[in-house]
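Fold and geometry: a report
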Amino acid sequence: MKMFKLNPFSSKSAIPQLCGSLLLMLPTVGYTAQESAQEECTTEQIELGVNGCEVEETIIVTGYSTQRKEDLTGAVSVVELGDLEDLPAGNIMKNLQGKIPGLSIRTDGNPGSGASIRIRGQGIGRLGNNDPLYIVDGIPTKLGMHELNSRDFASVQVLKDASAASIYGARSGNGVIVITTKNGASEDIKLDVSYSQSTQEFKYDLNPLNTKQRAQVIWQAAVNDGSDPNSASPLYQYDWNGDYTSPQLNKIILPNSLDQEGNTTPAVPGTDWFNEVIQTSKIRDFHISASGGSDRGHGYISLGYFDAEGVVKGSKFERISFRANSRYEIIDDIFAVGENLTVTHQVENQNNRDAGNIVSLAIEQQSIVPVYNDDGSDFGGPRSGINDRRNPVSLIEGNKGNDSRYNRLMGNVYAELKPLDGLTLRSNFGLDYGQFYYRRLFPTVSEGNLYNEERITTQQNWEQTTVWSNTAEYKTTFDSKHNLTVLAGTESIEFEREGFFVSSTGLLIEDRDYAFLDAATGGGVASGGGDEWSLNSYFAKVDYNYDDKYLLSGTIRRDGSSRFGENNQYGNFPAFSAGWVISNEDFFDVPLLSTLKLRASWGRTGNQEIDTRATSFTYQTLYSTPSVFTTEQDNGTAYDIGGNDQGVLPSGFVRTQTANPDLKWETSEMVNFGIDFSLYYGTIYGTLDIFDKETSDILTLTEPLATLGEGAQQIVNGGTVTNKGWEFTIGYDDYIEIDGIGEIKFDVFANIFAGDNEVTDLPDNVKNSFGGNGDDITILGHSVNANYGYVADGLFQSDEDVAAHADQTGAAPGRIRYADLNQDGVIDDKDQTFFAEMDPDYEYGFGINLEYENWDFSMFWQGIEGGQIRNGWRNFTDLVSVGTTSNFGDRVLSAWTPENSNSDIPALSLQDTNGEGRNSTFYYEDASYLKLRNITLGYKPDDKTVRDLGISHLRVYLSASNLLTFTPDGTISQDPETPDATFPVPRTITFGIDVGF
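Residue positions are given per chain, counting from 1 as you read along its sequence in written order. For a predicted model such as this one, the threshold for reporting local features is a pLDDT of at least 70, and the threshold for listing and counting side-chain atom pairs is 80 or more; totals across whole chains, interfaces and linings nevertheless cover every residue. Note that water and hydrogens are dropped before the side-chain values are worked out from all heavy atoms of the structure.

The name an unreviewed UniProt entry assigns to the protein chain is TonB-dependent receptor, from the organism Catenovulum agarivorans DS-2. The protein chain has a UniProt comment under Sequence similarities (unreviewed entry) that states "Belongs to the TonB-dependent receptor family." UniProt positions are given in the numbering used here, feature names are shortened, and annotations may be inferred rather than shown by experiment.

1. Quick look at the overall build of the protein chain
Runs of H or I in DSSP of at least four residues are treated as helices and runs of E of at least two as strands, each being numbered from the N terminus. Tallying secondary structure elements over the protein chain gives 10 helices and 50 strands in all. The buried share of the protein chain, reckoned over its 997 residues, is 50%. Any two residues whose heavy atoms approach within 4.5 Å at even a single point are treated as in contact. Within the protein chain, residue pairs in contact and separated by at least 24 positions form 69% of the contacts whose partners lie at least 6 positions apart. Shrake-Rupley sampling with a 1.4 Å probe provides the accessible areas, and residues are treated as covered by the protein chains on show and by no other component. Per element, the accessible surface of the protein chain, about 44100 Å² overall, is 51% carbon and sulfur. Remark: exposure states derive from per-residue accessible area (1.4 Å probe, protein chains only) relative to the maximum for the residue type, with buried under 20%, exposed over 50%, and partly exposed in between.

2. As for the packing of aromatic side chains
Only Phe, Tyr and Trp rings are paired, with Trp represented by its six-membered ring, and only when their centres lie within 6.5 Å; those with planes under 30 degrees apart are stacked, over 60 edge-to-face, the remainder tilted. Under the criterion given, the structure shown has 30 aromatic pairs. For the pair Phe846 and Trp861, a centre-to-centre distance of 6.3 Å together with 10° between the ring planes defines the contact as stacked. With a gap of 15 residues between them, Phe846 in strand E43 (residues 842–852) and Trp861 in strand E44 (residues 855–865) connect regions that are remote in the sequence. Overall, Phe846 belongs to the partly exposed group, its relative accessible area being 32%. Counting as a charge over the ring demands two things of the Lys NZ or Arg CZ atom: a distance within 6 Å of the ring centre and an angle within 35 degrees of the ring normal. The lysine or arginine in question, Arg426, covers the ring of Tyr414, its NZ or CZ lying 4.2 Å from the ring centre. Positioned above the aromatic ring of Tyr790, the side-chain terminus of Arg918 is 4.7 Å from the ring centre.

3. Details of the environment of Arg512
Along the chain, the position of Arg512 falls in the loop between strand E26 (482–504) and strand E27 (524–546). Spatially, the C-alpha atoms of Arg512 and Lys400 are 9.5 Å apart, while their sequence positions differ by 112 residues. Apart from the residues lying within four places of it in its own chain, the contact partners of Arg512 are Lys400, Gly401, Asn402, Arg439, Arg440 and Leu441. Each polar contact in these results corresponds to two N or O atoms within 3.5 Å; when the atoms are within protein, one needs to be able to donate a hydrogen and the other to accept it, and residues that are neighboring in sequence are counted only if both atoms are side-chain atoms. A distance of 3.0 Å separates the side chain of Arg512 from the side chain of Asn402, its partner in a polar contact.

4. Quick notes on the side chain of Arg151
On the secondary structure map, Arg151 appears in the loop between strand E9 (139–141) and strand E10 (153–159). For Arg151, the side chain forms a polar contact with the main-chain oxygen of Glu85, separated by 3.0 Å. Apart from the residues within four sequence positions on either side, Arg151 is in contact with Glu85, Leu87, Pro88, Ala89, Lys182, Ser194, Ser196, Asp285, His287 and Tyr300.

5. Considering a nonpolar patch on the surface
For patch building, the residue pool is restricted to those with more than 30% relative accessible area and no salt bridge; the joining distance is 9 Å between like charges and 5 Å between nonpolar side chains (Val, Leu, Ile, Met, Phe, Trp, Tyr). We count a salt bridge whenever a side-chain nitrogen from Lys or Arg sits within 4 Å of a carboxyl oxygen from Asp or Glu. A cluster of nonpolar side chains, namely Ile301, Leu303, Ile320, Phe322, Val343 and Leu409, defines an oily patch on the protein surface of about 440 Å² accessible area. Within the secondary structure, Ile301 sits in strand E18 (residues 297–309).

6. Points about the nonpolar core
Membership of the largest hydrophobic core comes to 46 residues, with the highest contact counts inside it found for Tyr238 and Phe274. Of all elements in the fold, only helix H3 (211–225), strand E13 (237–240), helix H4 (273–277), helix H5 (350–364) and helix H6 (392–398) reach the threshold of two or more residues within this core. No other element matches H3, which puts seven residues into this core. In this structure, Leu96, Ile117, Met145 and Leu535 belong to the second largest nonpolar core, which totals 37 residues. Within this scheme, the nonpolar core is defined by two criteria: the residues are buried Ala, Val, Leu, Ile, Met, Phe, Trp, Tyr or Cys, and they are joined through side-chain atoms within 4.5 Å.

7. A short note on the sheet that holds strand E11 (residues 176–181)
Reading across from one edge, E5-E10-E11-E8-E9 is the order of the five strands in this open sheet, with mixed pairing throughout. Looking along the sheet, the strands with just one partner apiece sit at the ends: strand E5 (76–78) and E9. Neighbouring strand axes in the sheet, compared pairwise and without regard to direction, differ in orientation by 20° on average. Here, any two strands with at least 2 DSSP bridges between them count as paired. Inspection of the sheet shows strand E8 (residues 133–136) paired to E9 by three bridges, in the antiparallel sense. The axes are straight lines fitted to the C-alpha atoms, using for helices just the contacting stretch, and the angles between their N-to-C directions are given from 0 to 180°.

8. Details of the pattern of salt bridges
All chains considered together, the criterion is met by 42 salt bridges. The salt bridge partner of Glu364 is Arg389, with a shortest N-O separation of 3.0 Å. With a gap of 25 residues between them, Glu364 in helix H5 and Arg389 in the loop between H5 and H6 connect regions that are remote in the sequence. Between Asp547 and Lys549 there is a salt bridge, with its nearest N and O atoms 3.6 Å apart.

9. What about the pairing of strand E34 (residues 684–696)?
In this sheet, E34 lies alongside strand E33 (residues 666–679) in antiparallel orientation, the contact comprising 13 bridges. The residue bridging Asn672 from the neighbouring strand is Phe691, located in E34. Turn length for the E33-E34 hairpin, with the two strands adjacent in sequence and antiparallel, is four residues, and the turn residue Tyr680 shows positive phi of about 55°.

10. Examining the environment of Pro370
Examined against the element boundaries, Pro370 turns out to sit in the loop between H5 and H6. Spatially, the C-alpha atoms of Pro370 and Asn391 are 8.9 Å apart, while their sequence positions differ by 21 residues.

11. Some remarks on the confidence of the model for the protein chain
Residues shown with low pLDDT carry predicted positions that ought not to be read at fine detail. Taken as a whole, the protein chain shows an average pLDDT of 85; of its residues, 89% reach a score of 70 or greater. Known as pLDDT, the predictor's per-residue confidence is scaled from 0 to 100. No element of the protein chain has a lower mean pLDDT than strand E1 (residues 21–24), at 27, and none a higher one than strand E41 (residues 816–818), at 97.

12. With respect to the side chain of Asn962
Tracing the sequence through the fold places Asn962 in the loop between strand E48 (953–961) and strand E49 (965–966). Judged by relative accessible area, which is 13%, Asn962 ranks as buried. Within polar-contact distance, the side chain of Asn962 engages the backbone oxygen of Pro986 at 3.3 Å. Apart from residues no more than four positions distant in its own chain, Asn962 is found in contact with Lys931, Leu932, Arg933, Val985, Pro986 and Arg987.

13. A few points about a negative patch on the surface
When charges are counted, Lys and Arg are positive and Asp and Glu negative, with His and the chain ends excluded. By convention, the point assigned to a charge is CZ for Arg, NZ for Lys, CD for Glu and CG for Asp. A surface patch of negative charge is lined by Asp756, Glu758, Glu837, Asp841 and Glu865. Positionally, Glu758 belongs in strand E38 (residues 742–761).

14. Overview of H3
In an α-helix, one turn spans 3.6 residues, which is why side chains three or four residues apart end up on the same side. Taking 1.5 Å per residue as the helical rise, H3 with its 15 residues ought to reach 21 Å, and the 21 Å between its terminal C-alpha atoms agrees with that figure. Looking at H3, one finds that the buried residues are Thr211, Arg214, Ala215, Val217, Ile218, Trp219, Ala221, Ala222 and Val223. The elements touched by buried residues of H3 are E13 and strand E14 (249–253). Of the residues flanking the start of H3, the one acting as N-cap is Asn210, its side-chain oxygen 3.2 Å from the backbone nitrogen of Lys212. In the stretch just after H3, Gly226 is the one whose phi turns positive, near 75°. In this scheme, a helix's expected span is set at 1.5 Å multiplied by one less than its residue total.

15. Overview of the pairing of E33
When strand E30 (residues 593–607) meets E33, the two strands line up antiparallel, connected through 14 bridges. Along E33, the bridge assignment pairs Ser601 with Asn672.

16. Re the environment of Lys99
Within the secondary structure, Lys99 is located in the loop between E5 and strand E6 (103–106). Sequence separation between Lys99 and Phe749 is 650 residues, and the spatial gap between their C-alpha atoms is 9.8 Å. Excluding residues within four positions of it along the chain, Lys99 makes contact with Asp83, Leu84, Asn751 and Phe860.

17. Description of H5
Taking 1.5 Å of rise per residue, the 15 residues of H5 would be expected to cover 21 Å, and the 21 Å separating its terminal C-alpha atoms lies within 8% of that figure. The buried fraction of H5 is high, at 12 of 15 residues. Gln350, Asn351, Asn352, Asp354, Ala355, Ile358, Val359, Ser360, Leu361, Ala362, Ile363 and Glu364 are the residues of H5 that are buried. At its buried positions, H5 is contacted by H4, strand E19 (316–331), strand E20 (335–349), H6, strand E22 (423–442) and helix H9 (874–877). Regarding H5, its N-cap is Asn349, as a side-chain oxygen of that residue lies 2.8 Å from the backbone nitrogen of Asn351 further along.

As structure tokens, then:
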């Protein structure tokens, strides 16, 4: 929020504008901090453009260079990092939900999870690569941002259109996120310390049945089927009247829970599994940094510690980070060197990865199963009448100590020479190195009739990316109105990866301190592999600004990738853009309209994210039977070719992939039109962008028919997808004065994004990867996220209703009725269609920031409207017939009966004769939601008060996230953002303090 703004509704005709002495720091990859001295000016002086009365400029880091925000002609969004500083710094991308239009973020509550990021739609979905490219201090990476400490970030820019992103060429087809980290300034040393502690909670509303409730449901289901309830389950016996026309249950006879020693305990009310696996969790976030410098150099150093539990018991994520950035001018204003370095160490528990399974088990596992057997010797588990699912508490306990470790070193060193006025030569070398190690102990599992022997696995891999870029940039101004910037450069990127995995059994002592591979006495299985590729690039860019009225920009990049065949190894990615600042024209005279700029751009970007072996045949040893291709034949590659009838069999190879020497670049072509405007001297501001993006020659993996033989699958240039849409941002940043109260500063803002995705072309060997009949019904013309299946048309209400409908196997009153789409009188696979597109109609966010005296308050809401989610929980909450040995949610207590015919829950049954587990609209529901993402109250003591204590600044705050969620009527899913058995997004309460010295 800007500190001083003109108030068009003020009773005063002119309000002084503080321009002051502003330090416009640019803590990027060695870019020099720029200082702009400005003097206090009146409103009239600003309007007339009096020399020295410029309004504070925003500098944007784009491709290998910087620009004034006013000079941008592409679609670039700048993240307001100040709006995120009160949120836990586990992953900055999670905190950006709803903040940037066109930036779609899907995540969950896993403390160590990354986030699914899509910029202006996506390509071919699960068969292609859709992730954006991250540039951190000039180093390109596709790794997750949860591995970096976002409190070290100085700026984050999202390059959304091709004209902005094409400078990064072959890896920018899905958009680019540019991150620069903090650096010091030429001033005294500053010490900043921040600490926050959060608590998180989430309470499920699925309400699994207790033992008695489930027994009653099984009885009713058997009666509905006309079968004997006393034969329905070995767990229960019933005293009932035996009348299927007017059934009456007198008594449920429940068994005692038996342990392996024959001890008995009451089975009622049973285990509340959600209570056993969900907890109130904590997050601790500590960060300390020091910065400063002299007139020749400056630096920044920091240490961060982030420790987060998850609401699923046993889950945790811990990260220690260190950063050191510096720059020194060896020859003043001529030659400088610098570096940016970060090292992180993170620990993540296996329960983070198993959380979805643990949550699923909490609803599936029957309440009659105890957590522990009566003697405490073993965990409770399944027996006759109970599905063979694990005890979720046993799974959690078995993962204690199963922590993976990941170390990451990321940094660059650079030298910068200015031999001539306006000319900057720069050479930059960067390294991104990661090392992963995981030793996992699988303890012996003895749960009821489940038994698995112990096992130890060890996995280790490393990967590294090296980047060497060299640029020459020339900036000049002539005739005082012509501003020209020319950039040219080369870049070389090399990637390497190697890893192995070993598994073995036969541990005599099941203790992690002992459980190493050399302690295993059983047979071992080992695998390993490696990868490497390189990218060689040349690029150039020209920016021209005439009198701050007419803006032109052109970019060209040529990339050569080792991942492609010799014929298509290089690709060219051009872009052009233009802008017209109408408000700077002499003829423009609209008093209330301060700024009006029109933008237009066109460009191409690329994608090279495929397996390095894509152009080659690949072969693999499969020393096992049955074959991975079919269960009907034994064609493992091992064969006793020597007829020895003993010893280890020699192995041959089987083809697993067909070569494609004609692979070429995936290309995205985008057109963008934009308008930037501000009113009332900038107090009201906004941006509108309209875009049309076509991605062609998409790199994807085929799913061929089995008749084509083993290894027929290929990576091909398969298809075209369009993404069209618009995005709009508006805000009002001002203050009001109220007699007797004083001045209240505020910033009200909102954004919205709407986009349409459509698959317009696919080769035949890719079409059926998305469903369809392979003929006239295919994914073509639909969103890549469309689903294929049956249309559920309510429930049959009577025998007459069944007779009047098409012939449907299993049809009966209370069963799901499926639409006869082709009107042939039979419900079969020809009645499937594409439905339930998962893409929302639009995504939006809005909020307000307030400041009053020493207090500050902020609130932010985020939501999506339209689209569909698949609520897989309905298998357990609505359908007894699909999983008769699992537990169910309490919705089944309201299932359809002739007396309860308004229910949309199918009648209880123990047999799925109607095929209700098939993919159909029954499982899909509105994905719309509105969430109160964050609300914060902060307090800053008076400067005099804190300075007397030797403190430069102090702020304490209380923040809450995900407090409220609103969903449409009829939405069954508790949280449409994380349906099914995924890690839920919890409610979070945070208390924090920031102090500077």
